[in-house]
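Below, each chain spelled out in residue letters.
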Amino acid sequence: MSEIGDWFRSIPLITRYWFAASVAVPFIGKLGLVDFRNLLLFPDLIFSRFHLWRPVTATLFFPITPNTGFLYLVNLYFLYHYSSRLETGAFDGRPADYVFMLLFNWICIVITGVLMNMQLLMIPLIMSVLYVWAQFNKDMIVSFWFGTRFKAHYLPWVILVFNFIIGGSFVNELTGNLVGHLYFFLMFKYPMDLGGRSFLTTPDFLYRFFPNTRGGVSGFGVPPSRRPAAQEQPGGGLRGRHNWGEGFRLGGE
């Protein structure tokens, strides 16, 4: 048990709480401590009966059954792996910026879920984070099942197909990819690479709750697409545990 505790405490703070909630809420529903229907996203109940918790619980809940258990575990791994690497990599020392990314993606996904009557939002949010990680590391070579190797740029779309094959919803994965693309484009690509207006800025109040732990300037000073490759993967210590989406730099394995 001490080894599990040490491993859990080693997870970056924001990812740790997200991961823990994504384990606790499904098991609360599985054990019947709360009727799982109270955890799903039903827009009419949000607006007519003010069930304001549903957008949150629908993001953390996933039905665990013999048919969905493997899909749940795979995406829980994706949450742990790619959120950890993003939090300790591109967002290292900038927890407020990472929280803002999660909030922006979550709000977009909730709006999409309400409009499209999506009851579960866990996979879309995980996929949006995975998409952002892939954009920061798009030229890195990653390995997937059966020895397949390709650039990280294609990883979100490969996982979209993979999740669909093992029982996921194509709409959920696609929503996550599109929201991740929207965030990355508005935050980085458009203002930094294309010289456009900056539409997204981390609110000051988030810096008060989550102050930078390195440096004295909030925000991002250099477009991620122009950063040296060595700065994009300080979280490389996670390698070697699994080979789903693990990276190998071009020209050197």
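Residues numbered from 1 in each chain as written. Predicted model: local features only at pLDDT ≥ 70, side-chain atom pairs only at ≥ 80, totals over all residues. Heavy atoms only, no water.

1. As for the confidence of the model for the protein chain
- In the predicted model, the protein chain carries a mean pLDDT of 84, and the fraction of residues at 70 or more is 84%.
- Within the model, pLDDT remains below 50 along residues 215–253, and this stretch shows 90 contacts once partners closer than five positions in the same chain are excluded. (pLDDT = per-residue confidence, 0-100. Contact = heavy atoms within 4.5 Å.)

2. Details of the pattern of salt bridges
- The full count for this structure, using the stated rule, is 4 salt bridges.
- Here aspartate 6 and arginine 9 are joined by a salt bridge, their closest N and O atoms 2.7 Å apart. Here the residue aspartate 6 and the residue arginine 9 both occupy positions in helix H1 (residues 2–10), the gap between them amounting to 3 residues, near one helical turn.
- One salt bridge in this structure joins aspartate 97 and arginine 94, with 3.9 Å as the shortest N-O distance. (Salt bridge = Lys/Arg side-chain N within 4 Å of Asp/Glu carboxyl O. Helix = DSSP H or I, 4+ residues; strand = E, 2+ residues; numbered from the N terminus.)

3. What to know about the packing of aromatic side chains
- A full pass over the atoms with the stated rule returns 20 aromatic pairs.
- Consider the rings of phenylalanine 19 and tyrosine 80, whose centres lie 6.2 Å apart with planes at 65°: the pair is edge-to-face. Taken as a pair, phenylalanine 19 in helix H2 (residues 13–30) and tyrosine 80 in helix H5 (residues 69–88) lie far apart in primary sequence, 61 residues in all. Assigned by exposure class, phenylalanine 19 and tyrosine 80 land together as buried. (Phe/Tyr/Trp six-rings, centres within 6.5 Å; stacked < 30°, edge-to-face > 60°. Buried < 20%, exposed > 50% of the residue type's maximum accessible area, 1.4 Å probe, protein only.)

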